[in-house]
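One letter stands for each residue in the lines below.
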Amino acid sequence: MSLLDGARGSLTELSRPERWVLGVSAAFALFLLAALLTGALGPTYFLFLVGLAGMYALLSFGLNAQWGFTGLINFSVAAFFGIGAYGSALMTADSSPIAGGFNPLVGLVVALVVAFVLALLIGIPTLRLRADYLAIASLGLAEVVRLIVLNERWLTNGSAGLRGIPSFFQGWPVLSTFPEAMPGLRLVVIPGSPILLETSFWQSLLNVMLVLTFAGVTYLVLRRAHRSPWGRVLRTIRSDEDLARALGKNTYSFKMQSFILGSLIMALAGVFYTHLNLYVGPGDLDPITTFYAWVAVILGGSGSNRGALFGGIVIVTIREGTRFLNDVALPIDPAPLRLLLIGVVIVAVMRYRPQGILPPQRELIWPSAVDGGGTPETPDSGVREQKGGGSNE
Amino acid sequence: MSEGALPKQDAVLRVDDLQKSFGGLAATDHASFAVERGTITGLIGPNGAGKSTLFNLISGFYEPDGGTVEVNETDVTGMEPYQVADHGLIRTFQTPRKLEGMTVREAMLVGPRNQPGESFVKLFAAPGTVAERESTNLAEAERILEEFEIDHLATQPATDISGGQMKLVELARAMLAEPEVLLLDEPVAGVNPTLAKKLKDQIRRLNEQGTTFLLIEHDMEFVMDLADPIVVLDQGSVLTEGSPEEVRSDDRVIDAYLGGGT
Ligand SMILES: Nc1ncnc2c1ncn2[C@@H]1O[C@H](COP(=O)(O)OP(=O)(O)OP(=O)(O)O)[C@@H](O)[C@H]1O
Ligand SMILES: [Mg+2]
């Protein structure tokens, strides 16, 4: 992750948790590479995993922009994700009951506009009030959106879901025919276990590039925003909203911006998911997605963009890693085991590192403020007691 | 109602017949007074007299049940706190407010109002302007920290400084908002005498540079030395108003607040 922060972060400047994360990530990457080379992990499936990680990273970025930056409690991550997924699918899918057949770019724009309007609608009545109101309203919103998708068949196809979704680059010059145009490659690294790169591989590669672009741009935008005076106001609101108000900040407007920004990013994750999975159904709006996003953000360190990225990857690793347990005979089913594992991780983090693995302090030094001092010696001491949940007043 | 409250020539803040009740209890009871530009006006009164409530009403945190508040000849009654701040009135809180996860320097930089960098759009559309203002603000913050002799705290986490230092930082930050009138709620409560003296000097100096102050304080020595005039509040209304000498020798004030002999 030091790569993302530019070349200036040499290894010695890293804090202990940063080195730890870097080490674990490197080990994990080596492990994946070994699995790829030996053929234990198919390249297409590997790319699918990267895409999924990018998607969870986006979801975590979105929630982090709300909860991590400003302290907004949003329990409708799945709803905004679903708006993105359905918004895009309804515009582009063959089987769409309302529109369909549009270019995915149109789907992207429509999804973002719908998410924007919905965020505004839920923000207007709740963001003037104390934090708990948004929490409750968003809980309701998640369920309402899910039920509409499930029941309004004329609009969403109901429980059948939507099929016939094009890939994102369909209809684009060059890129739309790229997967077919690429020759099937056969790489032999280890004799006896060749690696096949076929059309589906090139297709996945395009998807991965798409999500990496989404996630990369989002990360850079958020990083700048969080460090800036704008982000500083959000952090003030998170810590003490009345103080921000007394200093002349229009906190309602700032909270609204933070909420909308986060919701748009979640919708972006949904748009990507639609064109990765090529099928969306009401099951994609299950509250478990919201839960995963929260775990990722808290695990990574609320307020930290790098942490959100890391948390997103951890979630995907646990989610997909436990699939391999299917092959192993276990006394219990992998699905509850997965949740159990996540529960254990959360308890361990709360017990030993309540501020999360990569708390935001280190990434928050606004460039001009670095001169003559920079980071305090003990980067973690600023968060002696991180807010656990709920508001303090 | 008290005598001689309203007709002040150049009032930067004017409170007229302000009322606020909390479930039957009149915390502010037809209070009227004005703060003349360029003064350090003291606001004293027993615990529960309604001083902090008055601050909350003036600064827009509470909506009054009746009466008006004027800042710089503008009626700001019922406005949001940020709008009141835009008219040049900044307030601090009785209990120090701590900013988690920020250094003192960063916590200071929240002070300046209307920063271009506080607009999400300008952040990306006009990065030059943003950076420029940010470095001016930073220089100003450093200057004030130095003036307050707390520049050594600049890189400390804002949660890790003492209560007295917190009061200094709050005042310093409020100055960055360039208020015309600054409301301080018990600026030296819990502050040691040396630091209190430092604060007093700072307030006096800032006042000479043009900032008007309205300050609540229980430390009589502090407030009598610093403020003139002094407004005495009792049970939500203004009991009297005058110079420290007048207030100190007023029988009603002695009964209600100062107690015993002078
Ligand atoms: N938010 C509130 N809800 C209910 N009652 C309140 C509220 N704020 C203040 N009060 C009541 O109003 C009265 C005045 O309180 P206030 O805090 O203004 O007093 P004060 O003069 O600042 O006292 P102190 O010197 O102790 O700070 C008190 O009786 C208090 O209990
Ligand atoms: Mg008080």
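Residues numbered from 1 in each chain as written. Chains lettered and ligands numbered in written order. Predicted model: local features only at pLDDT ≥ 70, side-chain atom pairs only at ≥ 80, totals over all residues. Heavy atoms only, no water.

Description of the site of ligand 1
All names here are of chain B. Taken together, 15 residues sit near ligand 1, with Asn47, Lys51, Ser52, Thr53 and His218 positioned nearest. One nitrogen or oxygen atom from the main chain of Ala49 is found 3.2 Å from an oxygen atom belonging to ligand 1. For ligand 1, the accessible surface in isolation is 630 Å², of which the surrounding protein chains cover 64%. Looking at the shell around ligand 1, the elements that each hand over two or more residues are β2 (25-36) and α1 (51-58). Per-element tally for the shell around ligand 1: the top contributor is α1, with 3 residues. The class makeup of the residues in the shell around ligand 1 is 6 nonpolar, 7 polar and 2 charged. (Near = heavy atom within 4 Å. Polar contact = N/O pair within 3.5 Å; in protein donor to acceptor, adjacent residues only side chain to side chain. Areas by Shrake-Rupley, 256 points an atom, 1.4 Å probe, with all protein chains shown as cover. Helix = DSSP H or I, 4+ residues; strand = E, 2+ residues; numbered from the N terminus. Nonpolar A, V, L, I, M, F, W, Y, C, P; charged D, E, K, R; others polar.)

Let's talk about the packing of aromatic side chains
All names here are of chain A. Here the structure, examined in full by the defined rule, presents 16 aromatic pairs over all chains. Residues Tyr45 and Phe48 carry aromatic rings whose centres are separated by 6.2 Å and whose planes lie at 20° to one another, so their mutual orientation is stacked. Of this pair, Tyr45 and Phe48 both sit in helix α2 (residues 43-70), separated by 3 residues, roughly a single helical turn. Assessed through its relative accessible area of 27%, Tyr45 is described here as partly exposed. A residue is classified by how much of its surface remains accessible, and Phe48, at 28% relative accessible area, is partly exposed. Ring geometry for Phe81 versus Tyr273: centroids 5.3 Å apart, planes at 55°, classification tilted. Remark: Tyr273 occurs in helix α10 (residues 251-277) and Phe81 occurs in helix α3 (residues 77-92); sequence separation between them is 192 residues. Taken individually, Phe81 and Tyr273 each receive the classification buried, so the pair is uniform in this respect. (Phe/Tyr/Trp six-rings, centres within 6.5 Å; stacked < 30°, edge-to-face > 60°. Buried < 20%, exposed > 50% of the residue type's maximum accessible area, 1.4 Å probe, protein only.)

Section: the UniProt feature "transmembrane region" (unreviewed entry) in chain A
All names here are of chain A. Summarizing the sequence annotation, UniProt attributes the feature "transmembrane region" (unreviewed entry) to residues 20-39, 45-65, 72-93, 105-124, 131-149, 201-222, 259-279 and 291-316 in the numbering used throughout. Counting secondary structure, residues 105-124 comes out at 100% helix and 0% strand; the distance between its end C-alpha atoms is 29 Å. With 100% helix and 0% strand, residues 131-149 has its two end C-alpha atoms placed 28 Å apart. (UniProt positions renumbered as here; feature names shortened; annotations may be inferred.)

Side note on the nonpolar core
Residues and elements named next belong to chain A. Core analysis: the largest hydrophobic core is formed by 85 residues, its most contacted members being Met55, Leu58, Leu59 and Phe61. For this core, the element with the most residues is α10, which contributes 15 residues. If we ignore the near neighbours within four places in the chain, the residues touching Leu59 are Val77, Phe81, Met266, Ala269, Thr289 and Ala293. (Core = buried A, V, L, I, M, F, W, Y, C linked by side-chain atoms within 4.5 Å. Contact = heavy atoms within 4.5 Å.)

Observations regarding the side chain of Arg91 of chain B
The topology assignment puts Arg91 of chain B in strand β6 (residues 89-91). No salt bridge is formed by the buried Arg91 of chain B, whose closest oppositely charged neighbour, Asp185 of chain B, lies at an N-O distance of 4.6 Å. Separated by 2.8 Å, the side chains of Arg91 of chain B and Asn56 of chain B make a polar contact. A distance of 3.2 Å separates polar atoms of two side chains, one belonging to Arg91 of chain B and the other to Ser59 of chain B. When neighbours within four sequence positions are excluded, Arg91 of chain B is seen to be in contact with Ala246 of chain A together with Phe55, Asn56, Ser59, Phe61 and Leu183 of chain B. (Lys, Arg positive; Asp, Glu negative; His and termini not counted. Salt bridge = Lys/Arg side-chain N within 4 Å of Asp/Glu carboxyl O.)

Some words on the coordination of the magnesium ion (ligand 2)
Six octahedral donors around a metal ideally sit at 90 or 180 degrees from one another, while four tetrahedral donors ideally sit at 109.5 degrees. All names here are of chain B. Donor atoms from the polypeptide that coordinate the magnesium ion (ligand 2) comprise Ser52 (OG) and Gln94 (OE1), at 1.9 to 2.2 Å from the metal. Taken as a pair, Ser52 in helix α1 and Gln94 in the loop between β6 and α3 (104-109) lie far apart in primary sequence, 42 residues in all. Of the residues examined, Ser52 reaches a relative accessible area of 23% and is grouped as partly exposed. (Donors = N, O, S within 2.8 Å, 3.2 Å for Na, K, Ca; no water.)

Here's the deal with the pairing of strand β8 (residues 212-216) of chain B
Residue and element names in this part refer to chain B. For β8, a buried count of 5 out of 5 residues is recorded, marking the element as mostly surrounded by other parts of the structure. Side chains Thr212, Leu214 and Ile216 project from β8 onto one buried face, and the interleaved Phe213 and Leu215 project onto a second face that is buried too. Relative to β8, strand β7 (residues 181-185) is paired through 5 bridges, and the arrangement is parallel. Pairing of Leu182 across the sheet is with Phe213, part of β8. Read from β7 through helix α7 (residues 193-208) to β8, the crossover connection turns out right-handed. (Pairing = 2+ DSSP bridges. Right-handed = clockwise from strand over helix to strand, strands pointing away.)

Quick notes on the sheet that holds strand β4 (residues 66-71) of chain B
Residues and elements named next belong to chain B. With antiparallel pairing, the 4 strands of this open sheet are ordered in space as β2-β1-β4-β5. The sheet is open, and its two edges are formed by β2 and β5 (74-75), each paired on a single side. Inspection of the sheet shows strand β1 (residues 11-22) paired to β2 by 8 bridges, in the antiparallel sense. Looking at the pairing, Arg14 lines up with Ala34 of β2.

Quick look at α10 of chain A
Spanning 27 residues, α10 of chain A covers 39 Å between terminal C-alpha atoms, matching the ideal 39 Å at 1.5 Å per step. Of the residues trailing α10 of chain A, Leu278 of chain A is marked for its positive phi of about 60°. (Expected span 1.5 Å × (residues − 1).)

Focus on the interface of chain A and chain B
Interfaces are often sized by the amount of accessible area the parts lose when they come together. Taken together, the contact pairs 39 residues of chain A with 38 residues of chain B. Taken as a group, Arg232, Arg245 and Leu247 of chain A account for 18% of the area that chain A buries against chain B, more than any other trio of residues on that side. Between chain A and chain B we count 4 salt bridges in total. Residue Glu118 of chain B pairs with Lys249 of chain A through a salt bridge whose shortest N-O separation is 2.8 Å. Applying the counting rule to chain A against chain B returns 13 residue pairs in polar contact (both at pLDDT 80 or more). Residue assignment for the side of chain A that touches chain B shows that the elements contributing at least two residues are α8 (199-227), α9 (229-246), α10 and α14 (367-370) of chain A. The element contributing the most residues to the side of chain A that touches chain B is α9 of chain A, with 12 residues. When the residues that make up the side of chain A that touches chain B are grouped by side-chain class, the tally is 14 nonpolar, 14 polar and 11 charged. (Buried area = accessible area lost by both parts, 1.4 Å probe.)

Quick word on unusual backbone geometry
Residues and elements named next belong to chain B. Looking along the chain, the bond that leaves Asp228 and enters Pro229 is cis, with omega of 5°. Relative to the elements of secondary structure, Pro229 occurs in the loop between α8 (220-226) and β9 (230-234). Unlike most non-glycine residues, Asn72 shows phi in positive territory, near 50°. Here Asn72 shows up in the loop between β4 and β5. Its relative accessible area of 18% is what places Asn72 among the buried residues.

Some remarks on the environment of Ile357 of chain A
Residues and elements named next belong to chain A. Counting through the fold element by element, Ile357 comes out in the loop between α13 (334-352) and α14. Since its relative accessible area comes to 12%, Ile357 is described here as buried. Apart from residues lying up to four places away in sequence, Ile357 is in contact with Pro17, Trp20, Val21, Leu299, Gly300, Gly301, Phe310 and Val349.

Thoughts on the domain arrangement of chain B
All names here are of chain B. According to the domain assignment, chain B contains domain 1 (11-98 + 177-258) and domain 2 (100-158). Between the C-alpha centres of domain 1 and domain 2 the distance comes to 28 Å. Domain 1 puts 11 residues into the contact, and the matching count from domain 2 is 8 residues. Here domain 1 packs against domain 2, burying approximately 800 Å² in sum over the two surfaces, 41% of which is carbon and sulfur. Broken down residue by residue, the surface that domain 1 buries against domain 2 is led by Ala177, Lys198 and Gln202, which jointly contribute 48%. There are 2 salt bridges connecting domain 1 and domain 2. Among the ionic pairs, Glu149 bridges to Lys198, the shortest N-O distance being 3.9 Å. (Domains from an automatic or database assignment.)

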